[in-house]
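Structural characterization, general
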Amino acid sequence: MTTLPPPNLPPLREVIARHGLSASKALGQNFLLDEQLLDRIAAIPGSLEGRNVLEVGPGPGGLTRALLRAGAAVTAIEMDRRCMPALAEVEEAFPGKLKVIEGDALQFAPATLFDGPYHIVANLPYNVGTALFIGWLSGETWPLQWASLTLMFQEEVARRIVAEPDTSAYGRLAVLAQWRSKPKLAMKVHRSAFTPPPKIMSAIVHVEPAEAPQGVSMRVLERVTEAAFGQRRKMLRQSLKGVPGALEALEGLGIDSQRRAETLSVAEFVSIAKVLTKPRQSPE
């Protein structure tokens, strides 16, 4: 059960004012201050009691507090040095439960920070959110060490992650997210919930690992989807001609090369990548 914040932690607005914090546009920051909303976000992954959680871009520590109230042991990566004093106060209020790392999350492999499974819960900075997400989905070994991802994105990006074929939002991001995991749109967050309010709406995507198709290289799938959706208005016979063996794979699979990328299902992209992976597999 969620408990009230410790009495020695002042309201977030007071913390921001006292430390002279303001959201940095250059760092893609927007602060969430609504405690009830933050508790709802922290509840999306399910019970976090005693679980390890990675948070990226905690800022003044609003979501961090909610995760700690939910019983999680939190490792937070923050590159904005201005936020360190505010986070130190949270660390002091929850002894032994919060570890703050100053640095760029793009430079860290999350698995090196934990001995076992962990969850990632983050209000991602808008300017690096997609890059971080793809990085967390990547890796030739599966399942990865993370148990779930609960991530705040611009609503447009969130819809691209969960999009279905033959829709305008469907593209490379949807295929990479869906081929061996299950993303769902968990919650919309109105722009007015942030300080300062961004110009666009936000949404939270929750992702859990799924069974991975056998014999498919993540790198090959990335190459195929990058080529196919890089020229999404063109037929596959044009967009994939630069990928060695791709047109032959289409013919062998019975996929019409006159189709466009957005008409192919995730399974069809996986089948193409599987054909292209086989010749590149080397004996142990």
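We now turn to the structure provided with this report. (Residues numbered from 1 in each chain as written. Predicted model: local features only at pLDDT ≥ 70, side-chain atom pairs only at ≥ 80, totals over all residues. Heavy atoms only, no water.)

1. Section: the overall build of the protein chain
- When helices and strands are tallied, the protein chain shows eleven helices and nine strands.
- Taking 2.2 N^0.38 as the reference for a compact globule, 284 residues should give roughly 19 Å; the C-alpha atoms of the protein chain span a radius of gyration of 21 Å, in line with that estimate.
- With the C-alpha coordinates of the protein chain rotated into their principal frame, the extents come out at 65 × 45 × 30 Å.
- Counting only residues that meet the buried cut, the protein chain has 48% of its 284 residues in that class.
- In the protein chain, 67% of the contacts between residues at least 6 apart in sequence involve partners at least 24 apart.
- Carbon and sulfur atoms provide 51% of the accessible area of the protein chain, an area that totals close to 13,900 Å². (Helix = DSSP H or I, 4+ residues; strand = E, 2+ residues; numbered from the N terminus. Rg over C-alpha atoms; globule rule 2.2 N^0.38 Å. Buried < 20%, exposed > 50% of the residue type's maximum accessible area, 1.4 Å probe, protein only. Contact = heavy atoms within 4.5 Å. Areas by Shrake-Rupley, 256 points an atom, 1.4 Å probe, with all protein chains shown as cover.)

2. Let's talk about the environment of Pro 60
- With respect to the element layout, Pro 60 can be found in the loop between β2 (52–56) and α3 (62–69).
- Residues Pro 60 and Ile 204, 144 residues apart in the sequence, show an inter-C-alpha distance of 20 Å.
- Sequence-distant contacts of Pro 60, defined by excluding residues within four places in its chain, comprise Leu 12, Ile 16, Leu 21, Phe 31, Cys 83, Ala 86, Leu 87 and Val 90.

3. Overview of the pairing of strand β9 (residues 202–209)
- Most of β9 sits inside the fold, with six of its eight residues counted as buried.
- With six bridges connecting them, strand β6 (residues 146–154) and β9 associate as antiparallel partners. Paired with Met 152 across the strands is Ile 204, a residue of β9.
- Alignment of strand β7 (residues 181–189) against β9, held across eight bridges, turns out to be antiparallel. Its bridge partner being in β9, Lys 188 is matched across the sheet by Ala 203. (Pairing = 2+ DSSP bridges.)

4. A closer look at the nonpolar core
- Among the nonpolar cores identified, the biggest contains 34 residues, and Leu 32, Ile 41, Leu 67, Val 74 and Val 189 are the most heavily contacted of them.
- Where this core is concerned, the elements lending two or more residues are α1 (12–18), β1 (31–32), α2 (35–43), α3, β3 (73–78), α4 (84–93) and β7.
- The contact partners of Ile 41, leaving out residues within four places of it in the chain, are Leu 32, Leu 63, Val 121, Thr 150, Met 152, Met 187 and Ile 204.
- In terms of nonpolar packing, the next biggest core, distinct from the first, is built from 30 residues, Ile 77, Leu 137, Ala 158 and Leu 173 among them. (Core = buried A, V, L, I, M, F, W, Y, C linked by side-chain atoms within 4.5 Å.)

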